Amino acid sequence: MSTHHWIDVAVQTPAHSQVGGLLSYRSPFLVQAGQLVRVPFGKRDVLGVVWAVLDSAPSNMPASAVRDVLGVLDGLAPLDPNWRQLVQFSAQYYQRSLGEVALSALPPQLRDLTHEQLARRLKKQNTERAVQTTPGPALSDEQRHVLDQMAAGTGPFLLFGSTGSGKTEVYLQAVARMLAADPQAQALLMVPEINLTPQLEERVQARFGADAVVSMHSGMTPAQRLKGWLAAHAGHARIVLGTRMAIFASMPNLKLIVVDEEHDPSYKQQEGARYSARDLAVYRGRLQNAPVLLASATPSLESWHLSRPAEEGGRYLRLHMPSRIGTGQLPKVRRVDMTKQARHAVLSTQLVAALQERVERGEQCMLLLNRRGYAPVLHCADCGWKSECKHCSAFRVFHKIDRTLRCHHCGLTERVPRACPECGNADIAPIGRGTEQLEEHLGELLAHVKRPDGGPVRIARIDADTTRLKGALESQLASVHSGEVDILVGTQMIAKGHDFRRITLVAAVNPDTALFSSDFRAPERLFALLMQAAGRAGRDAAQSATSEMWVQTFHPQHALFEALKKHDYPAFAASELAERTAADLPPISHQALLRADARTQEAAQALLNAAREALELQLSADPATADLVMQVSLYPAVPMSMQRVADVERAQMLLESPTRMGLQKVLWHLHGVLHQVRSQPEHKGVIRWLVDVDPQAI
Ligand code: ADP
Ligand code: ZN
Ligand code: ZN
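Attention here is on the structure that accompanies the text. (Residues numbered from 1 in each chain as written. Chains lettered and ligands numbered in written order. Predicted model: local features only at pLDDT ≥ 70, side-chain atom pairs only at ≥ 80, totals over all residues. Heavy atoms only, no water.)

1. A few points about the pairing of strand β29 (residues 686-693)
For β29, the tally of buried residues reaches six of eight residues, placing the bulk of the element in the interior. The sheet contact formed by strand β25 (residues 590-598) and β29 spans seven bridges and is antiparallel. Counted as the bridge partner of R595 is L690 from β29. (Buried < 20%, exposed > 50% of the residue type's maximum accessible area, 1.4 Å probe, protein only. Helix = DSSP H or I, 4+ residues; strand = E, 2+ residues; numbered from the N terminus. Pairing = 2+ DSSP bridges.)

Right, dumping it as structure tokens:
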């Protein structure tokens with residue numbers, strides 16, 4: 001009888017509010033699911049996504065309490081059901097509110113635009129974009145075989161291809177084939193960090209025309225992000241090239257998803273909804289019937305395990321490209337036994353000699369040390385004082401350049417004291433070394449060395465400290481590419497993705513710590529990093545025969561380095577998987593972490609333990625859920641390995657399950673339990689809690 005329409009709208013609600021993120025409104029306008037609307041929310045006027053059009057007034061509140069929609073952003077096509085399903089699944093799987101996930105998946109500027117402003121943007125936008133495919137090089141046999149296997153199957157595919165084997169060329173050809181079959185089709189190309197891969201952007205644009213491609217990553221201005229998003233949403237942009245956030249791009253004609261360097265931890269979001277863009281890529285591909293290509297020279301053990309033979313339960317098809325393009329060879333791996341070096345030596349005599357030789361021949365070298373600053377800690381030998389951070393359970397790092405002590409966790413920065421703050425001893429000394437010191441040390445060791453042109457050796461450092469300013473990384477990389485640098489020192493930042501054609505020697509200065517880390521993924525990360533780093537050497541085929549990867553280690557016989565020496569990822573993966581199987585760790589089992597932050601460690605742990613007890617009680621009371629308690633292990637709360645950051649104490653509780661489904665069920669119940677427990681007065685000291693499903697760091 002009324003002309004009103006009742007709708008459910010996804011709005012941005014606080015993450016842990018009781019509201020699941022859907023609110024009911026009344027609309028004087030006819031609207032469809034997926035449309036964007038402006039609605040009143042408290043005292044504000046916010047953007048929302050119409051999630052459902054209801055048949056009748058909502059039953060959970062009096063019709064008089066339902067507020068009216070303020071306006072509809074018509075002119076914009078509704079977000080399609082696949083997109084909504086992806087958002088809904090992500091919210092559910094990663095335990096966040098639907099509204100939060102939906103709204104954070106949209107470009108920020110969309111939230112602030114009025115109807116008129118949006119109409120103007122759309123008008124400018126409304127042009128078909130030209131795609132001109134330029135033919136690529138003739139394919140290698142391996143590349144052709146891989147593309148044929150893709151054409152014959154449905155995927156998901158895991159492309160296991162060496163660095164320099166031509167994986168990127170496979171992505172481009174897969175896109176070309178997709179466009180040849182359907183000129184309106186869209187492809188999503190995901191990369192871990194777009195700033196590290198400007199070359200890829202160039203290659204994609206060169207192949208398909210600049211107009212066909214839009215980028216999506218956090219380094220763009222809000223206006224650029226909106227523009228790219230609108231082009232993808234309208235179907236005009238054929239290729240979206242982006243970081244993890246791009247998995248939520250609205251792409252109505254999505255027909256192909258590529259995840260480059262699929263093992264990279266950057267695909268896991270570390271705040272808000274802690275989603276894995278790689279895992280969502282597989283989900284989205286299945287949802288839209290689009291083939292998914294995951295690719296890496298060192299796949300994640302998750303994907304490797306999933307791509308075991310189908311007879312053994314594998315669900316991905318593994319594709320192989322073992323050879324480098326052309327006559328390029330992988331570098332020779334050399335292990336230096338540091339137990340045979342002078343005590344406290346940073347660089348072995350052999351490595352110094354090798355660096356000298358390369359510099360004298362005019363070649364480039366790269367040294368990796370995963371610690372920035374000058375020294376990780378300052379120490380007073382008289383009283384034992386160390387440069388602890390007063391707000392964190394960490395040491396402040398000594399930065400010699402500006403003589404500061406900086407906490408890398410909370411940012412606390414102070415000038416280095418002239419004398420020990422405890423006892424007044426003037427002789428406080430650095431312990432350990434970071435990239436700053438390595439750079440200085442190298443300068444001293446190689447001061448006498450001459451380049452072929454007679455000039456002195458040029459050393460450069462690239463890490464988070466040298467690249468803070470906008471454009472700094474690009475200009476530093478450019479000087480490496482153009483040959484203005486002989487030795488590049490840096491953190492893992494420089495190991496990934498760059499196509500440094502002149503580098504012939506890469507050295508890992510001190511990789512051992514990862515061998516004995518408490519995080520079971522540390523060896524996997526180290527192996528990937530070293531293989532990546534090795535992939536930086538000898539990319540120029542003419543030099544690849546003499547290129548080398550050096551590893552300085554106190555454990556030269558370690559299986560990880562044995563496998564590295566043979567460039568044998570499958571051997572490494574097999575031994576890691578055997579260990580994971582024996583210990584029932586992922587990918588054999590599935591994990592989630594429940595974390596609580598509070599002013600005291602006791603308060604943080606108390607919430608987690610109370611939640612665990614309440615959950616166990618609730619699950620065992622109901623016959624329908626009793627077996628979940630047997631299946632899924634709930635461990636007692638423990639302090640996180642970084643226990644205190646910025647005066648906040650952090651604790652975590654691990655959940656482990658043989659199946660994803662079991663884990664999901666338990667998390668669902670846990671969510672309700674947590675709201676109850678949290679509201680009890682004894683837990684009011686808790687600042688926040690959060691759930692991390694499939695955590696990447698334990
Ligand atoms: P990856 O992504 O596996 O590291 P790329 O696709 O970047 O490898 O290929 C490595 C190099 O070989 C690049 O310079 C690329 O242009 C070149 N390349 C790739 N495929 C071919 C091919 N079929 N013929 C000639 N050169 C190729
Ligand atoms: Zn002292
Ligand atoms: Zn701190």
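2. Notes on the sheet that holds strand β2 (residues 22-27)
Across a sheet, paired strands are connected by hydrogen bonds in the backbone, their directions being either parallel or antiparallel. Read across the sheet, six strands follow the order β5-β2-β1-β4-β3-β6 without closing on themselves; strand pairing throughout is mixed. Taken across any chain shown, the strands that pair with only one partner, and hence form the sheet edges, are β5 (67-68) and β6 (71-72).

3. Thoughts on the side chain of R461
Positionally, R461 belongs in strand β21 (residues 459-462). Of note is the side chain of R461, whose polar atom sits 2.8 Å from the side chain of E439. A polar side-chain atom of R461 sits 3.0 Å from a polar atom in the side chain of D463. Ignoring any residue separated from it by four or fewer positions in sequence, one finds R461 in contact with I401, T435, E436, E439, T466, Q476 and V489. (Polar contact = N/O pair within 3.5 Å; in protein donor to acceptor, adjacent residues only side chain to side chain. Contact = heavy atoms within 4.5 Å.)

4. Topic: the nonpolar core
One recurring pattern in soluble globular proteins: nonpolar side chains tend to sit buried together. Counting 123 residues, the largest nonpolar core has L106 and L655 as its most contacted members. With eight residues, the single largest contributor to this core is helix α14 (residues 522-536). Aside from chain neighbours lying at most four places away, what touches L106 is L36, L47, V49, L79, W83, R111 and W229. (Core = buried A, V, L, I, M, F, W, Y, C linked by side-chain atoms within 4.5 Å.)

5. Concerning the site of ligand 1
The full set close to ligand 1 counts 17 residues, and A138, Q143, K167, T168 and R203 are the nearest of them. Between Q143 and ligand 1, the recorded distance is 2.8 Å, taken from a side-chain N or O atom to a nitrogen atom. R203 places a side-chain nitrogen or oxygen 2.8 Å from an oxygen atom of ligand 1. Here the residues of the shell around ligand 1 sort into four nonpolar, eight polar and five charged. (Near = heavy atom within 4 Å. Nonpolar A, V, L, I, M, F, W, Y, C, P; charged D, E, K, R; others polar.)

6. Considering the coordination of the zinc ion (ligand 3)
Coordination sphere of the zinc ion (ligand 3), protein contribution only: C389 (SG), C392 (SG), C407 (SG) and C410 (SG), at 2.3 Å. Given four donor atoms and angles of 107 to 113° at the metal, the environment of the zinc ion (ligand 3) is assigned as tetrahedral. All donor residues of the zinc ion (ligand 3) come from one chain, and their arrangement in sequence is C-x2-C-x14-C-x2-C. Assessed through its relative accessible area of 4%, C407 is described here as buried. With relative accessibility at 29%, the residue C410 sits in the partly exposed group. (Donors = N, O, S within 2.8 Å, 3.2 Å for Na, K, Ca; no water. Tetrahedral: all angles 85-135°; square planar, octahedral: opposite > 155°, others 65-115°.)

7. Describing the packing of aromatic side chains
Counted according to the given criterion, the structure contains 11 aromatic pairs. Aromatic side chains F160 and W304 sit 5.0 Å apart centroid to centroid with 75° between the ring planes, which places their arrangement in the edge-to-face category. Linking F160 in strand β7 (residues 157-161) with W304 in helix α10 (residues 301-306), this pair joins segments that are 144 residues apart in sequence. Across the pair, W304 and F160 agree in class, each one buried. (Phe/Tyr/Trp six-rings, centres within 6.5 Å; stacked < 30°, edge-to-face > 60°.)

8. A few points about the coordination of the zinc ion (ligand 2)
At 2.3 to 2.4 Å from the zinc ion (ligand 2) lie its protein donor atoms, namely C380 (SG), C383 (SG), C420 (SG) and C423 (SG). Coordination at the zinc ion (ligand 2) comes from four donor atoms whose angles at the metal span 104 to 113°, giving a geometry best classed as tetrahedral. Read in sequence order, the donor residues for the zinc ion (ligand 2) give the motif C-x2-C-x36-C-x2-C. Of this pair, C380 sits in strand β16 (residues 377-380) while C420 sits in the loop between β19 (413-415) and β20 (428-431), placing them 40 residues apart in sequence. Across this residue pair, the class does not change: C380 and C420 are buried.

9. As for the environment of R38
Its location among the elements puts R38 in strand β3 (residues 36-41). Residue classification places R38 among the buried positions, given a relative accessible area of 14%. With 77 residues separating them in the primary sequence, R38 and H115 have C-alpha atoms 9.2 Å apart. Not counting chain neighbours up to four residues away, the residues in contact with R38 comprise D45, V46, L47, V69, L70, G71, L110, R111, D112 and L113.

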